[in-house]
Amino acid sequence: MDLSFTPEDLQFRDQVRSWIADAMPAPIREKANNGGSYGPDEIREWHRVLHDKGWIAPHWPKEHGGTGWDVTKRFIFGEELVRANTPSPSPFGLAMVGPLLIQFGTDEQKQRFLPKILSGEEQWCQGYSEPNAGSDLASLQLRADRDGDDYVLNGQKTWTSAAQFADWIFLLCRTGSSGKKQEGISFLLADLKSTPGITVRPFLTLGGTPAFCDTYFQDARVPVANRVGPEGGGWGIAKALLGHERTGIGGIGQSARWLALVKRIARETPVGKATLLDDPTFRRRAARLSMRHRVLTMANLRTLAAAQLGHAPGPESSILKLAGTELLQEVTELAMDSLGHAAQGWLGAPDEALRPFERSVASEFNYLRASTIYGGSNEVQKNIIAKHILQLPSH
Amino acid sequence: MNFALSKQQQMIVDSVATFVRDDSPVERFRELRSSERGWDSAVWRKMGDYGWLGIAFPEEHGGIDGSFVDMALILEQLGRSLVPEPYIPSVVLAGGLVERLGSADQKRDLLQPMLAGETSLALAYVERQSRYQVADCLTRAEATGEGFRLSGEKVWVLNGHAADTLIVSARTSGDQLDRAGVSLFTIDPNTTGVRRVAVPGMDGQRTAIVTLDGVIVGGDALLGPLGGAVEHLEWAVDRGAAAACAEGQGELRELLGRTLEYLKQREQFGVKIGSFQALQHRAAEMFAEVELCKGAMLLAAIKADAEDDNERRAEISAAKVQLADGGWFVQENAIQLHGGIGITDEQDVGLFFKRLRVLASLFGDADYHVDRYQELPAFAAE
């Protein structure tokens, strides 16, 4: 057991750090320094910058465009991105459908999709939840009826994050209705932009932005060649993906950014002749969250290290989702408290009226109430832990 | 960066686990807790023979040249059955300081026999008013020409009732709260003027109140720099905190395991109570906290050997708070989920509960570590 960085690791860290400093386009750097939130264009731009450098998918196998870094280098790279407060590229292609295609896709599918996931040329979204299939995902009803070389899709997906910006959707649909409900589910890839019969309708969340969409399918034809895995084998693929999803979804890097922002706000906020950061009650809350963040960083490292040894992210990653999102929400709550009256600041306030974070904190605080719900609600994570790790009995 | 145990570490873990299972089940602790000494010198000797006491010490002083992590892995196993021999007080606290500060003679006379399990040591650094500030020291040592004369009172001296040698902090200059002016002395408890009163603890272990009334020692009793003990005491107490996190991990694993076993076996309303979702979720939360404690404990153990004081402090404080808060969640719910049986002395869960609660208060409680953490560069730099 050894957590120290070798001289080579430290050299790598310096190299990454100075590259990020040079590579960040000026408008992004400005937001990174001022605690603003990034829009879809900035996220795409940063995606391109990382891709041009060959650093967009460090966790992918080298032959598919990964960097070939070991777990230490990946950890260092992730920490440096957080440190520089860069935009985070969308996870749906890079972290979710990409690794899944590498694991389960045909050669044709890999050649067709992976390069454009890497380049960011095609953006993805996830079609899992439906109005009547949330935590009980296996009860999903989007119908896919076989007709020649196509499936014909009818039904609705919801909570499809960022579908209005996406080119493709990976989705779970029902191709059979006999046997257990998990057995009739298949995994398809659909072209959102050019398939007739697919309609995307964004809706506002508490954050005041259209972060999620309803996606409707009316006689939408998807080629059978776009099925991943066997017909009726979609549930197993979805479960494998949930493991990948949970490791990143704890938002541990996000919490680090928020902690830094909270302290910056507190430092700049006068209280009498001192600042909010000098207030003992506030400091204690911030310190507790910072310490908990350290503990979660270590848990994350242990999961990464296990993955390095070839263990797929298993149910243990549920812990990261559970504790990570709780921490993230607590940090955003502290950020709100740090703002005082400015906590009511909202999107659209004129530039000169408010500091950038006085517009964005409340929006993100509200939006992130979703973090304990998305990716399998925290209650579902507890069910997974109880059943699969602790092996507690069912009724 | 690598999290896997080495082959040698795995061997040590296996051998301590076997010892704990076969030779030191919780029943042995139960018997010893009502004895005068509270632990067994024959077992201590055995632990010395196996090399477990000297694991993290250099070979030239009877050690095995291992790391703090090796020691933490041993402590975790010892915690699984509440092994009462004085590992933390004698090896981690006092042993660590003698190794760090001692002269060749002091190491030969104090360290070698202790690491062999022939003797035990204790560190007397707490006073009634000092709480967690090791510099807050009223005990005084006056120079006498050939040596020192010590007077004062030390409390909550872990293993102080049984130790063959006491290491005592005393002020050689300055005022009560000054960081400078505190020194360490090695004292034979049989010296005239030393009085020890054994105090039973809620965890079944013993501490002592040690009063020094004009105790005369020679100049060679000084351990480390005259007047410069505080930073070394802080180092030792930090390693005590890391050791508490390591031992605590063993107790937490037992509490979780025993609670899960109970949930799978106890029936009410005609079903196993572990099938109730309210209890399943509680168990899942307990599991998460135990895992988080484990990672934090490993990081604290790694950083216990760090050159940089602040790096060490940040991780050890984070781990100690995780033990105190996350560990507490596990403790209180282990009792709660056992129901009425959980509050009987007959059930082992209560014994683990009590030991963990003592560990939470030793070497700085959560509030102390939260406040200390705020003053570290790591917090300011975030």
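Source: prediction; values computed, not measured.

Some details on the overall build of chain A
Broken down by element type, chain A carries 12 helices and 10 strands. Over its C-alpha trace chain A gives a radius of gyration of 22 Å, about what one expects of a compact globule, namely 21 Å for 395 residues. Counting every position in chain A, which comprises 395 residues, the buried fraction comes to 51%. A separation threshold of at least 6 residues defines the contact pool for chain A, and within that pool the share at least 24 residues apart is 72%. When the accessible area of chain A is evaluated, it comes to approximately 17500 Å², of which 52% is carbon and sulfur surface. If you average the places of the 44 positive and of the 44 negative side-chain charges in chain A, the two averages end up 5 Å apart.

What about the overall build of chain B?
The number of helices and strands found in chain B is 12 helices and 10 strands. For chain B, the C-alpha radius of gyration of 21 Å lies close to 21 Å, the compact-globule estimate for 382 residues. Taken over the C-alpha atoms alone, chain B extends approximately 80 × 50 × 40 Å along its principal axes. Taking all 382 residues of chain B together, 60% fall into the buried category. Summed over its atoms, the accessible surface of chain B is roughly 14800 Å², and 48% of this surface lies on carbon and sulfur atoms.

What to know about the environment of leucine 354 of chain A
Residues and elements named next belong to chain A. Relative to the helices and strands, leucine 354 resides in the loop between α10 (317–339) and α11 (356–367). Of the residues examined, leucine 354 reaches a relative accessible area of 24% and is grouped as partly exposed. Separated by 12 residues in the primary sequence, leucine 354 and alanine 342 have C-alpha atoms spaced 8.5 Å apart. Setting aside chain neighbours within four positions, we find leucine 354 in contact with Gly345, Ala349 and Arg359.

Concerning the pairing of strand β5 (residues 185–191) of chain A
All names here are of chain A. Buried residues dominate β5, accounting for six of its seven residues. Pairing of strand β4 (residues 168–174) with β5, which is carried by seven bridges, proceeds in the antiparallel orientation. Bridge pairing links isoleucine 169 to alanine 190 in β5. In this structure, β5 lies alongside strand β8 (residues 227–228), joined through two bridges in antiparallel fashion. Each residue of the ladder has a partner; that of phenylalanine 187, found in β8, is valine 228.

Some details on the interface of chain B and chain A
For an interface, size is often stated in terms of accessible area lost upon the parts coming together. At the interface, 51 residues of chain B touch 43 residues of chain A. The tally of links between chain B and chain A comes to eight salt bridges. Linking chain B to chain A there are 18 residue pairs in polar contact (both at pLDDT 80 or more). Elements with a contribution of two residues or more to the side of chain B that touches chain A: α7 (230–265), β10 (271–272), α8 (277–304), α9 (309–338), α11 (366–374) and α12 (377–381) of chain B.

Remarks on the packing of aromatic side chains
Centre-to-centre distance and the angle between the planes together describe a pair of aromatic rings. Under the definition given, this model contains 24 aromatic pairs over all chains. Between tyrosine 50 of chain B and tryptophan 52 of chain B, the ring centres sit 4.8 Å apart and the planes meet at 50 degrees, which makes this aromatic pair tilted. With a relative accessible area of 4%, tryptophan 52 of chain B lands in the buried category. Among the aromatic residues, ring-to-ring pairing joins Phe12, Trp19, Trp46, Trp55, Trp69 and Phe77 of chain A into one connected group. Positioned over the ring face of tryptophan 55 of chain A is lysine 53 of chain A, at 4.9 Å from the centre of the ring. A cation sits over an aromatic face here: arginine 146 of chain A above tyrosine 151 of chain A, 5.7 Å from the ring centre.

A short note on the confidence of the model for chain B
Predicted confidence across chain B gives a mean pLDDT of 96, with 100% of residues reaching 70 or more. We note a pTM of 0.93 for the whole complex and an ipTM of 0.93 for its interfaces.

As for the nonpolar core
With 158 residues, the main nonpolar core has Val361 of chain A together with Leu78, Tyr87 and Phe363 of chain B as its most contacted residues. Once residues lying within four places of it in the same chain are set aside, the contact partners of valine 361 of chain A are Trp258, Leu261, Ile265, Ala335, Met336 and Leu339 of chain A. Membership of the second largest hydrophobic core comes to 47 residues, among which are Met24, Leu140, Leu172 and Leu189 of chain A.

Some words on the packing of helix α1 (residues 7–23) of chain B against helix α4 (residues 68–79) of chain B
Residues and elements named next belong to chain B. α4 packs onto α1 with a crossing angle of 25 degrees between their chain directions and a minimal axis gap of 9 Å. Judged by the angle between their axes, α1 and α4 are roughly parallel. Considering only the axes of α1 and α4, their crossing is right-handed. Facing α1, whose interface residues are Gln9, Ile12, Val13, Val16, Ala17, Phe19 and Val20, α4 presents Val69, Asp70, Leu73, Ile74, Gln77 and Leu78. Among the residues forming the contact of α1 with α4, the class breakdown is 10 nonpolar, two polar and one charged.

Focus: the pairing of strand β2 (residues 140–143) of chain B
Residues and elements named next belong to chain B. Relative to strand β3 (residues 147–158), β2 runs antiparallel, the two being bridged by four bridges. What sits directly across from alanine 143, in β3, is phenylalanine 148. Hairpin connection of β2 to β3: three residues between the antiparallel strands, including glycine 145 at a positive phi of 105 degrees.

Considerations on the packing of helix α5 (residues 91–104) of chain A against helix α6 (residues 107–119) of chain A
Residue and element names in this part refer to chain A. Axis separation between α5 and α6 bottoms out at 10 Å; the angle between their running directions is 160 degrees. If you check the angle between α5 and α6, you find them roughly antiparallel. Here α5 runs over α6; the crossing is left-handed. Contacts from Gly93, Leu94, Val97, Gly98, Leu101 and Ile102 of α5 reach α6 at Gln109, Lys110, Phe113, Leu114, Ile117 and Leu118.

Re α5 of chain A
Residue and element names in this part refer to chain A. If you check α5, its first and last C-alpha atoms are 18 Å apart, about what 14 residues at 1.5 Å a residue would give, namely 20 Å. The sharpest bend along α5 reaches about 35 degrees and sits at valine 97, with the proline proline 99 one to four residues further on. Burial analysis of α5 places 10 of its 14 residues in the buried class, which makes it a mostly covered element. Looking at α5, one finds that the buried residues are Phe92, Gly93, Leu94, Met96, Val97, Gly98, Pro99, Leu100, Leu101 and Ile102. For α5, the capping residue at the N-terminal end is serine 90, with a side-chain oxygen 3.3 Å from the backbone nitrogen of phenylalanine 92.

Considerations on the pattern of salt bridges
Scanning the entire structure with this criterion turns up 51 salt bridges over all chains. With a shortest N-O distance of 3.2 Å, glutamate 291 of chain B and arginine 302 of chain A are connected by a salt bridge. With glutamate 291 of chain B in helix α8 and arginine 302 of chain A in helix α9 (residues 280–308), the pair connects residues from two separate chains. Here arginine 302 of chain A falls in the partly exposed class, since its relative accessible area comes to 24%. Glutamate 127 of chain B is paired through a salt bridge with lysine 154 of chain B; the nearest N and O atoms lie 2.8 Å apart. One end of the pair, glutamate 127 of chain B, is in the loop between β1 (121–124) and β2; the other, lysine 154 of chain B, is in strand β3, with 27 residues separating them in the sequence. Residue lysine 154 of chain B is classed as buried on the basis of its relative accessible area, which comes to 1%.

So, the side chain of threonine 297 of chain A
All names here are of chain A. Secondary-structure assignment places threonine 297 in helix α9. The buried category is assigned to threonine 297, whose relative accessible area is 14%. Beyond its immediate sequence surroundings of up to four residues, threonine 297 is in contact with Phe75, Glu79 and Ile252.

Considerations on the side chain of threonine 207 of chain B
Residue and element names in this part refer to chain B. Residue placement: threonine 207 occurs in strand β7 (residues 206–218). Owing to a relative accessible area of 10%, threonine 207 belongs among the buried residues under this scheme. What threonine 207 contacts, discounting residues up to four positions off in sequence, is Trp156, Val157, Leu158, His161, Val197, Ala198 and Val199.

Reading guide: rules and limits
- Residues numbered from 1 in each chain as written.
- Chains lettered and ligands numbered in written order.
- Predicted model: local features only at pLDDT ≥ 70, side-chain atom pairs only at ≥ 80, totals over all residues.
- Heavy atoms only, no water.
- Helix = DSSP H or I, 4+ residues; strand = E, 2+ residues; numbered from the N terminus.
- Rg over C-alpha atoms; globule rule 2.2 N^0.38 Å.
- Buried < 20%, exposed > 50% of the residue type's maximum accessible area, 1.4 Å probe, protein only.
- Contact = heavy atoms within 4.5 Å.
- Areas by Shrake-Rupley, 256 points an atom, 1.4 Å probe, with all protein chains shown as cover.
- Lys, Arg positive; Asp, Glu negative; His and termini not counted.
- Charge placed at Lys NZ, Arg CZ, Asp CG, Glu CD.
- Pairing = 2+ DSSP bridges.
- Salt bridge = Lys/Arg side-chain N within 4 Å of Asp/Glu carboxyl O.
- Polar contact = N/O pair within 3.5 Å; in protein donor to acceptor, adjacent residues only side chain to side chain.
- Phe/Tyr/Trp six-rings, centres within 6.5 Å; stacked < 30°, edge-to-face > 60°.
- Lys NZ or Arg CZ within 6 Å of the ring centre and 35° of its normal.
- pLDDT = per-residue confidence, 0-100.
- Core = buried A, V, L, I, M, F, W, Y, C linked by side-chain atoms within 4.5 Å.
- Axes fitted to C-alpha atoms, helices over the stretch in contact; angles between N-to-C directions.
- Parallel < 35°, antiparallel > 145°, perpendicular 65-115°, else oblique.
- Left-handed = near helix turned anticlockwise from the far one by under 90°.
- Nonpolar A, V, L, I, M, F, W, Y, C, P; charged D, E, K, R; others polar.
- Expected span 1.5 Å × (residues − 1).
- Bend = angle between axes of the 7 residues up to and from the residue.

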